[in-house]
Every structure is written in C-alpha cells, then in structure tokens.
There are 2 protein chains.
Amino acid sequence: MGKLSTREKIIEIADQLFYEQGYEFTSFAHIAEKVGISRGNFYHHFKTKDDILEAVIQKRLVDREALLSNWEKDAKTPKERILLYTRILIFNQDKILQFGCPVGTLTSELSKLDHPMTDQAGSIMTLFREWLKSQFLQYGFQESEADDHALHVLAWSQGVATLANTFKDTEFVNREVAGISQWLDEALLSLSTQ
Amino acid sequence: MGKLSTREKIIEIADQLFYEQGYEFTSFAHIAEKVGISRGNFYHHFKTKDDILEAVIQKRLVDREALLSNWEKDAKTPKERILLYTRILIFNQDKILQFGCPVGTLTSELSKLDHPMTDQAGSIMTLFREWLKSQFLQYGFQESEADDHALHVLAWSQGVATLANTFKDTEFVNREVAGISQWLDEALLSLSTQ
DNA sequence: GTCTATATAGAGATAGAC
DNA sequence: GTCTATCTCTATATAGAC
C-alpha cells in the first residue's frame, strides 16, 4: 500500500484507538499524538469528532466489503464461506480476547451514547447479515429462514466474542467455533430431508 | 423497601446511568442532578469515580445473587431454572433492545478502558456461569462439560442481547430464546442416551 | 450531611502565522 | 498542510461555611 496521506493515517489510527479504547474515551490529542501531528493540523482534516467517526465507519465498511469479496473467491461453497466468517474468531483471537468484536462493541457504545452515527455503525453488522443470508439462500432456504440463520450465526459469534473478552479463554472460542460448524451441518442436513 | 439513604440513591441512579449511557460518559454532575443533590454533597459519599463504580458492581452482584436465589425457589427443575435465566431476554426486552445486556456491556467497556475494576465486573458474569454450571451438574454432567454448557448458554444469551440492541428485533429474540430451550432439550436427551 | 465556591486538568474547537 | 496560541466548556476533585 505504501504511503498513506495524513488524512488516511488519522483514520487508521482512529479506527484502531476507537476499537482498543472506545470512542468516547479516545481524544483528539491522543489520535494526533499517535499520528505524530499537532492538534491544530488535526482540525484541518476533520472539523468534529463525529466527522472522524464517520470516516472510520466508512473505512470499516469498505474493508469488510473487500474481505467478503475475497471470501467469495477463496471459498468454493457457501458452507466454506460461512465457516470463514466464523473463523475470524480464531484468526483475530488475540485482539478479540483483549477488546472484543470491533463491530459489536462500537455499535453497543454508540447506542448508549445515543449517537447519531449508531445506525451507520449498525450497517456494518447489516453487511455481514446480508452476506450470510445470501450464502444460506444458495442452499435453497426460504428468504425468512435464510435471514434467521444469518442472524443466528451473527448472534452466536457476537456472544463468543463477548465471553472471550470476559474470560480470555481460547479453548472456549475453539469449542464454540466447532459448535457453529456442527450446527451448520445439521441445518443443511435438515434441508435435504425436507 | 421504603426510604433509601442518599448513598443508596446515588448507587441506584449511577447503576442506571452506567447501564443506559455507559460508565465513561456518565459524569458526577449528571448523577448528582438526577439524585437531586449538589456535586459537593456527592463527594461526601464517594471520593472518586472508581469508588462509585465499585459500589455499583457490588450492588449488582448482591441483586443478581438474590435473583438466582429466588429462581432456586421458584423453579423445581434445573431445566426450568436455566430457562428462567434465558427469559431475562424476554422480561427485560425493552431495556435490552435499547441498551444491551448490563453485564456484558459494562465488562466490555471497562475492558477497553483498561479499568482496574474490569475483573470485578467480570465476576458478575462468573456468578451466572457458576450458577448455570451447578444446574447442569445436577443432571449428572461431568464438571468440564457442565462448565462448557454454562458458557454456551451465556454466550448465546450475550449474542442475542447484542444483536437485539443492534436490530431492535423482538421476534428474533423470541426465536433465539426458543432455540436455547430446544438446544437444552437435546443436550439433556443426549445425556440419557449415553 | 448538605451547600457554595473554587482549583485544576483535559476536552473539543478556532484563529492566524508560516 | 502544518504549526502555536488561545478560547470555551466540562470534567474530576477540594475547601470550607452552614
């Protein structure tokens, strides 16, 4: 990727700090210091804290869309793709044990702050929801059932991330990810016996 | 219950505000105003923000212990008791749609703040974990399996609370709570066929 | 126990020189 | 585009009168 503009650097650092410390706690001074610029310069790029939050959410959306697009290429079956989703919990285990799920924790925080960007943050969850739903649709599930399954996988993953953060238990994460895989097999099996 | 002391009133309001707005965002001024006392008076009762957080967590622990104790009386079988736990998601649905799970969201927030009380907040989750485990033990599950099941029920509930907050979908909550009940039946069935 | 007044630090945000 | 200097507001916290 090479060089990033100051603006891009700010977004990247802010993304990281919002995840690791939370949005409310993270200050402009903190971001500016990590980027290596003055606070005055910071305001040249972003006028308000909401502006930078918006840019961070936008970046997360773009990043996740690229991720999903890669999975479409890397995995041949919808089942493999769904499992790739659940394995975020394993690939990013270190971060998740420390800070939870970036999507779930940001939405939760903004929701409590009654922040105008809450719905935008939720749209990242919606992105995964729609993508998971499309995988289930490819197996011939009805619209509503495919969506129910998508929400179920999302909820399961979110719960695992939350408890992983609370108890710092990698074995638990491995067990639950295997559990999702098993549940998926059963869901697909029930489909063929209908 | 009748009259509450000023101290008790502060703890109660702080408990509510930490849940609804988050710990970091809630200020002494905000709590004092809702209690109807001056900031100066506030400091007579609690010297630091950490002190009041500690009192809130302590109160939550006591409240939850009383809740679990009631469930032991109200429900005759371990299965009924576990289902009472999952039905918090239904009883408290309005609050959960608005603010998520009070236990999970506080632990998550404190974890990001790297707050010294993070582990104390986690002990509320541990309380439920141990209690759920003891219910599974009564069915003859092995120690480790009973604990795995307890964590599974906890994670599932946490995930449902997170997504309920994101999507404000009561039907989803009802479906998932029914799903936990069904999973529980299957887990108990697998036990008798071993 | 409760109040007013105040100290101090940090936040978000702006102005203007370079 | 980057900086220093500054404004304003709000936060935690303290002192001391009643």
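None of the values given here were measured: they were computed from a predicted structure.

Novice: I'd love a proper account of the relation of the copies chain A and chain B, names of residues and values included.
Specialist: Each of the two copies of the chain can be brought onto the other by a rotation about an axis and a shift along it. If you rotate chain A by 180 degrees and push it 0.0 Å along the axis, it lands on chain B with an RMSD of 0.0 Å. This pairing of chains is accounted for by a two-fold axis. Measuring from the rotation axis to each C-alpha of chain A, the shortest distance belongs to G159 of chain A, at 1.8 Å. In this assembly, 100% of the residues forming the interface of chain A have copies in chain B that are likewise at the interface, indicating an isologous arrangement.

Novice: Any details on the packing of aromatic side chains? Residues and values, ideally.
Specialist: Residue and element names in this part refer to chain B. The final tally for this structure, using the stated rule, is 21 aromatic pairs over all chains. Here the aromatic rings of W71 and W131 are separated by 5.5 Å at their centres, their planes lie at 55 degrees, and the arrangement is tilted. Placement of the pair is W71 in helix α4 (residues 49-74) and W131 in helix α9 (residues 118-137), with a sequence separation of 60 residues. Considered together, W71 and W131 belong to a single accessibility category, that of buried residues.

Novice: An account of the interface of chain A and chain B is requested, with residue identities and associated values reported.
Specialist: When the parts come together, some accessible area is lost, and that loss is often what is quoted as the size of the interface. Listed by partner, the interface residues are 38 residues for chain A and 38 residues for chain B. Summing the contributions of chain A and of chain B, the shared interface buries around 3000 Å²; its carbon and sulfur component is 62%. When the buried area of chain A at its contact with chain B is split by residue, K112, L163 and F167 of chain A rank highest and sum to 21% of it. Between chain A and chain B we count 2 salt bridges in total. Between R175 of chain B and D148 of chain A there is a salt bridge, and its shortest N-O distance comes to 3.0 Å. Going through the elements one at a time, α1 (6-21), α7 (93-99), α8 (102-112), α9 (118-137), α10 (143-167) and α11 (170-192) of chain A are the ones with two or more residues in the side of chain A that touches chain B. Broken down by element, the residue count for the side of chain A that touches chain B peaks at 14 residues, all from α10 of chain A. Class assignment for the residues of the side of chain A that touches chain B results in 13 nonpolar, 16 polar and 9 charged.

Quick notes on the rules
- Residues numbered from 1 in each chain as written.
- Chains lettered and ligands numbered in written order.
- Predicted model: local features only at pLDDT ≥ 70, side-chain atom pairs only at ≥ 80, totals over all residues.
- Heavy atoms only, no water.
- Least-squares fit on C-alpha atoms with pLDDT ≥ 70 in both.
- Contact = heavy atoms within 4.5 Å.
- Phe/Tyr/Trp six-rings, centres within 6.5 Å; stacked < 30°, edge-to-face > 60°.
- Helix = DSSP H or I, 4+ residues; strand = E, 2+ residues; numbered from the N terminus.
- Buried < 20%, exposed > 50% of the residue type's maximum accessible area, 1.4 Å probe, protein only.
- Buried area = accessible area lost by both parts, 1.4 Å probe.
- Salt bridge = Lys/Arg side-chain N within 4 Å of Asp/Glu carboxyl O.
- Nonpolar A, V, L, I, M, F, W, Y, C, P; charged D, E, K, R; others polar.

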